Amino acid sequence: MRTPIIAGNWKMNKTKEEAVSFLQEVKGKVPSGEKVEAVVCSPDLFLDALVQEAEGTEVKISAQNMHFEEKGAFTGETSPKALKDLGVEYVIIGHSERRDMFGETDASVNQKVHAAIDHGLTPIVCVGETLEERESNKTSDVVTRQVKEGLKDLTKEQAALVVVAYEPVWAIGTGKTPTAEEANETCGVIREALATAFSRETAEAVRIQYGGSVKPANIKEMMSQSDIDGALVGGASLEAESFLQLVEGGNE
Ligand SMILES: O=C(CO)COP(=O)(O)O
């Protein structure tokens, strides 16, 4: 049984005050128990305050990126050790915005995934095809390669800890989505890639999220699919009310 995971990716939004008041608003309202995990992925600047605010509640805190080295001369970067020390539990790795604008590759994703696991952080590894790749029927090849390369050299036990987020690039921030059946089909391809690279047992343990224009209005349909175990949400996660509706949608 895979516990659903709803994660809000704030991207480069909010001030510290806005971030903290969001958490104050949602923390008492997120359902307790094992039914759904609610995660907030914040800019690094607010992680410390959010971890403190979330203490003793059901809300978990995630970073949006990190470096793969533990420390060193990497100006402007954040280390996995520092994230762990703050009490951060999750970290997004290889978001398409980072692949597209900040030069991330399957190889750097792989280094970061290893570093996250080694430091006890759970990586949320993003994969997904561009519109051009989709139109030339390369979706399955692209996500299979991204999963295989991104998770390369993990043990089966380590791979089982990873969360994979399937985010078609063309669906991010556009209001366009694949149908729930199409999204599920690609999540199924991702699960098969995991089974081939590791084992059937590992593939069945990994939680696969769908991301890209998820809203309270479409979350339930996505969550009802057999291979979709959660959502990674941008725009619709910025308001407390909407985030709570998403978590509720993941809880049914
Ligand atoms: O990129 C995303 C989450 O990581 C999706 O963003 P939107 O939900 O705004 O489309």
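So, how was this worked out
- Residues numbered from 1 in each chain as written.
- Predicted model: local features only at pLDDT ≥ 70, side-chain atom pairs only at ≥ 80, totals over all residues.
- Heavy atoms only, no water.
- Helix = DSSP H or I, 4+ residues; strand = E, 2+ residues; numbered from the N terminus.
- Expected span 1.5 Å × (residues − 1).
- Buried < 20%, exposed > 50% of the residue type's maximum accessible area, 1.4 Å probe, protein only.
- Contact = heavy atoms within 4.5 Å.
- Axes fitted to C-alpha atoms, helices over the stretch in contact; angles between N-to-C directions.
- Parallel < 35°, antiparallel > 145°, perpendicular 65-115°, else oblique.
- Left-handed = near helix turned anticlockwise from the far one by under 90°.
- UniProt positions renumbered as here; feature names shortened; annotations may be inferred.
- Polar contact = N/O pair within 3.5 Å; in protein donor to acceptor, adjacent residues only side chain to side chain.
- Pairing = 2+ DSSP bridges.
- Core = buried A, V, L, I, M, F, W, Y, C linked by side-chain atoms within 4.5 Å.

**Looking at helix α5 (residues 106-118)**
Okay, step 1: Over its 13 residues, α5 extends 18 Å from the first C-alpha to the last, a length consistent with the 18 Å expected when each residue adds 1.5 Å.
Okay, step 2: Looking at α5, one finds that the buried residues are Asp106, Ser108, Val109, Asn110, Lys112, Val113, His114, Ala115, Ala116 and Ile117.
Okay, step 3: In this fold, the buried residues of α5 make contact with α3 (80-86), β4 (90-93), α4 (96-101), β5 (122-127), α7 (139-150) and α8 (156-159).
Okay, step 4: Trailing α5 by a residue or two, Gly120 shows a phi angle of about 75°, which is positive.

**Description of the packing of α7 against helix α9 (residues 180-197)**
Okay, step 1: Two elements in contact, α7 and α9, have axes separated by 9 Å at closest approach and are oriented at 40°. The orientation of α7 relative to α9 falls into the category oblique. Read as a crossing pair, α7 and α9 show a hand that is right-handed. Contacts between α7 and α9 involve Thr139, Ser140, Val143, Thr144 and Val147 on the former and, on the latter, Thr186, Val189, Ile190, Ala193 and Leu194.

**Focus: the UniProt feature "modified residue: Phosphoserine" (unreviewed entry) in the protein**
Okay, step 1: The positions UniProt marks with the feature "modified residue: Phosphoserine" (unreviewed entry) are Ser213.
Okay, step 2: Structurally, the position occupied by Ser213 is in the loop between β7 (207-211) and α11 (216-223).
Okay, step 3: Contacts of Ser213, omitting those with residues within four sequence positions, involve Ala171, Gly173, Thr174, Gly175, Lys176, Thr177 and Asn218.
Okay, step 4: Of note is the side chain of Ser213, whose polar atom sits 2.7 Å from the backbone oxygen of Ala171.

**Thoughts on the pairing of strand β6 (residues 163-166)**
Okay, step 1: Neither face of β6 is left uncovered, since the one carrying Val163 and Ala165 and the one carrying Val164 and Tyr166 both have all their residues buried.
Okay, step 2: Both β5 and β6 contribute to a ladder of four bridges, which runs parallel. Residue pairing for β6: Val127 is matched across the bridge by Tyr166.
Okay, step 3: Direction of pairing for β6 relative to β7: parallel, over a ladder of four bridges. Residue Val164 lies in a different strand from β7, and its bridge partner there is Ile208.

**Let's talk about the nonpolar core**
Okay, step 1: Counting 66 residues, the largest nonpolar core has Leu23, Val40, Ile61, Ile190 and Leu194 as the members making the most contacts within it.
Okay, step 2: Counting residues per element, this core draws most heavily on α9, which supplies seven residues.
Okay, step 3: With residues near it in sequence (within four places) discarded, Ile61 still touches Leu23, Val39, Val40, Leu47, Leu50, Val51, Ala54, Val88, Glu89 and Tyr90.
Okay, step 4: In this structure, Val39, Ile92, Cys126 and Leu232 belong to the second largest nonpolar core, which totals 11 residues.

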